[in-house]
Amino acid sequence: MATEAPALTTDLVLRTESRRKESSAALDAGRRGELGQFFTPAPAADFIASLIKLPRGGSVRILDPGAGAGSLTASLVARLIEESPELKISVTACEVDPQLHTALQATLDDCVDTAARLGAHVDVRLVRGDFIAWATGTDRMSGQPPEPFDFVIMNPPYKKLAANSRERKSVAAVSTETSNLYSAFMALGVHLLSDGGQLMAITPRSFTNGPYFRPFRKYFLERMHLDRVHVFEARNRVFADTDVLQENVIFAATRTDGAERGPVVVSTSRSYSEAVRQRSAPYAEVVHPEDREHFIHISADEEDTALAASHASLPCALPDLDLQVSTGRVVDFRSREHLRPDDMPGAVPLIYPLHMGQGVIRWPVRGARKNNAIMLNPQTEKLTFPLGHYVVVKRLSSKEEKRRVVAVVFDPEQIPCERIGFENHVNVFHSNGSGLPGEVARGLCLWLNSTILDRYVRRFSGHTQVNATDLRNLRYPNMAQLSAMGRSWRSGSWPAQEEIDEVVRRNVD
Ligand SMILES: C[S@@+](CC[C@H](N)C(=O)[O-])C[C@H]1O[C@@H](n2cnc3c(N)ncnc32)[C@H](O)[C@@H]1O
């Protein structure tokens with residue numbers, strides 16, 4: 001029997017892989033996007049299943065919400081029946097799409113049969129319906145609300161949830177406010193875990209520090225101990241055969257409800273089948289105990305650690321500099337009647353990302369698809385800033401841009417005007433609503449465009465937007481360092497990247 005087990009469980013995984021490929025090929029593209037149907041290939045599913053800590057014995061209850069063709073369940077059951085055949089396993093798989101029920105039921109039956117052939121015991125249940133309604137007890141049709149689970153394994157669907165959506169309200173009623181279906185699935189996974197139960201998941205990386213995920217992170221981190229976090233060095237490796245371009249993270253966490261924190265194993269690889277580099281990080285390095293944003297810092301190797309340490313040793317947070325950063329206040333579709341294509345009497349400059357040149361604002365840009373000006377009147381005045389030096393940062397960098405953070409200076413000498421409007425797609429550094437000293441603005445701009453900051457932001461930011469919250473959470477050089485850097489930028493020319501980095505190296509050690 002012992003020699004037979006690996007062959008039998010490998011076959012279970014291979015048959016499931018065929019069902020996954022067949023069901024994936026049969027999906028309608030529109031529905032696929034709507035239901036987030038990007039299935040986990042077998043090597044990734046095996047890797048995720050390998051992260052569980054095996055229980056000592058007895059019975060285990062497994063939940064696979066949004067199960068697709070059952071790939072994660074098959075890999076987990078394969079591992080359990082091979083390594084702990086004495087366990088009594090019960091699986092609940094939930095899937096909303098009726099088109100997948102035949103394949104999923106076949107995988108579940110396959111688990112039962114394979115286990116039986118090995119003398120192990122698996123019983124299965126397929127919940128044919130919406131996981132959110134079932135897990136929150138709002139769906140009377142699916143029977144009793146679920147009991148706690150020992151393992152929750154998931155590759156949840158990804159979709160934004162509207163603020164007033166039914167899903168969002170019912171998830172908030174039992175767990176936390178959250179803005180995406182994937183974090184809703186995770187929150188409910190946590191909610192349904194037994195004490196000491198484990199959650200294994202592959203998800204987008206955005207929840208680790210995206211501003212909209214803050215309440216979710218708080219809920220999650222107060223209840224769960226992160227045991228293992230794995231990131232991929234390239235964006236699209238995991239779902240290489242499904243066209244998904246996303247930064248993913250695989251993690252394993254245990255429900256401890258805030259009990260003592262041990263180390264976290266942080267690892268990276270280029271793909272799920274290539275060599276894994278890993279290290280053990282102190283918990284406080286991954287989740288800073290005092291951090292009110294509850295960011296999850298995933299630094300995978302020594303270089304990352306050095307980068308995180310040098311960032312942490314920078315002398316100032318923004319309030320220490322008496323600076324603030326805000327998202328541009330002019331939301332163009334809300335102020336449409338006040339916008340003008342070109343400058344005219346009574347109007348002031350309106351700055352969009354398209355006005356951002358090399359280090360400076362170029363205004364106006366004639367013939368662009370966006371407006372150049374906003375009328376100054378009692379309704380718009382509060383949306384604008386007085387004339388001064390400001391540092392402007394793009395919220396979204398384009399694919400062609402080399403750096404994640406792109407910053408320029410608004411220079412009042414180049415664009416004399418009464419006030420300035422900044423549009424919502426840029427962030428603006430200001431000092432209590434007014435401009436910064438010119439030198440400081442120029443130094444801050446150089447700092448924000450430096451390679452060292454770019455590497456830090458890239459490594460520790462899972463999402464590609466640069467929001468005001470992200471900038472608020474960075475540390476900065478002090479005033480003297482910023483001014484000294486600013487003095488070395490001669491106006492009229494934008495330094496090459498090496499020169500910027502050299503200025504930063506000379507002034508910030
Ligand atoms: C990202 S796929 C992953 C499937 C499978 N777990 C895997 O790893 O291959 C997400 C699955 O969730 C299902 N799904 C989407 N919304 C759902 C909901 N509200 N309730 C249950 N399942 C849902 C989709 O149909 C899809 O099969």
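The paragraphs below set out a description of the structure included in this document.

About the thresholds
- Residues numbered from 1 in each chain as written.
- Predicted model: local features only at pLDDT ≥ 70, side-chain atom pairs only at ≥ 80, totals over all residues.
- Heavy atoms only, no water.
- Helix = DSSP H or I, 4+ residues; strand = E, 2+ residues; numbered from the N terminus.
- Polar contact = N/O pair within 3.5 Å; in protein donor to acceptor, adjacent residues only side chain to side chain.
- Near = heavy atom within 4 Å.
- Areas by Shrake-Rupley, 256 points an atom, 1.4 Å probe, with all protein chains shown as cover.
- Nonpolar A, V, L, I, M, F, W, Y, C, P; charged D, E, K, R; others polar.
- 1 Å grid on protein atoms, 1.4 Å probe; cavity = no way out; pocket = protein on both sides within 12 Å on 5 of 7 lines; lining within 4 Å.
- Points joined across faces, edges and corners; volume = space filled by probe spheres on them.
- Core = buried A, V, L, I, M, F, W, Y, C linked by side-chain atoms within 4.5 Å.
- Buried < 20%, exposed > 50% of the residue type's maximum accessible area, 1.4 Å probe, protein only.
- Contact = heavy atoms within 4.5 Å.
- Phe/Tyr/Trp six-rings, centres within 6.5 Å; stacked < 30°, edge-to-face > 60°.

## Examining the side chain of Ser267
Looking at the secondary structure, you find Ser267 in strand β8 (residues 264–269). At a separation of 2.7 Å, a polar atom in the side chain of Ser267 contacts the side chain of His230.

## Here we look at the site of the ligand
Close to the ligand lie 22 residues; Gly36, Thr40, Gly66, Glu95 and Asp130 are nearest. Contact between the ligand and Thr40: an oxygen atom at 2.4 Å from a side-chain N or O atom of the residue. Glu95 is positioned with one of its side-chain polar atoms (N or O) 2.6 Å from an oxygen atom of the ligand. Expressed as a share of its isolated accessible area of 590 Å², the protein-covered part of the ligand is 97%. A breakdown of the residues in the shell around the ligand according to their chemical character gives eleven nonpolar, seven polar and four charged.

## Some words on empty space enclosed by the protein
The tally for this structure, following the rule as stated, stands at one cavity of 30 Å³ or more. What the largest cavity holds in volume is close to 30 Å³. Around the largest cavity, the lining residues are Val13, Thr16, Glu17, Ala42, Ala45, Ser71, Ala74 and Ser75. Tallied by class, the residues present in the lining of the largest cavity amount to four nonpolar, three polar and one charged.

## Remarks on the nonpolar core
Core analysis: the biggest nonpolar cluster contains 45 residues, and Phe131, Leu199, Phe207, Phe220, Leu226 and Phe251 have the highest contact counts within it. Excluding anything up to four places from it in sequence, Phe220 contacts Met186, Val190, Leu199, Leu226, Phe251 and Ala253. The next biggest cluster of nonpolar side chains, apart from the first, holds 40 residues, and it includes Val60, Ala120, Ile202 and Ile250.

## Here's the deal with the packing of aromatic side chains
For any pair of aromatic rings, the description rests on two quantities: the centre-to-centre distance and the angle between the ring planes. All chains considered together, the criterion is met by 17 aromatic pairs. Aromatic pair Tyr158 and Tyr182: ring centres 5.7 Å apart, planes at 15 degrees, arrangement stacked. Separated by 24 residues along the polypeptide, Tyr158 in the loop between β4 (149–154) and α7 (166–174) and Tyr182 in helix α8 (residues 181–191) bring together distant segments of the chain. Judged by relative accessible area, which is 36%, Tyr158 ranks as partly exposed. The exposure class of Tyr182 is buried, given its relative accessible area of 0%. Between Phe410 and Phe422, the aromatic rings sit 6.2 Å apart at their centres with planes inclined by 85 degrees, giving edge-to-face as the arrangement. Of the two residues, Phe410 is situated in strand β16 (residues 407–410) and Phe422 in strand β17 (residues 419–422); the sequence distance between them amounts to twelve residues.

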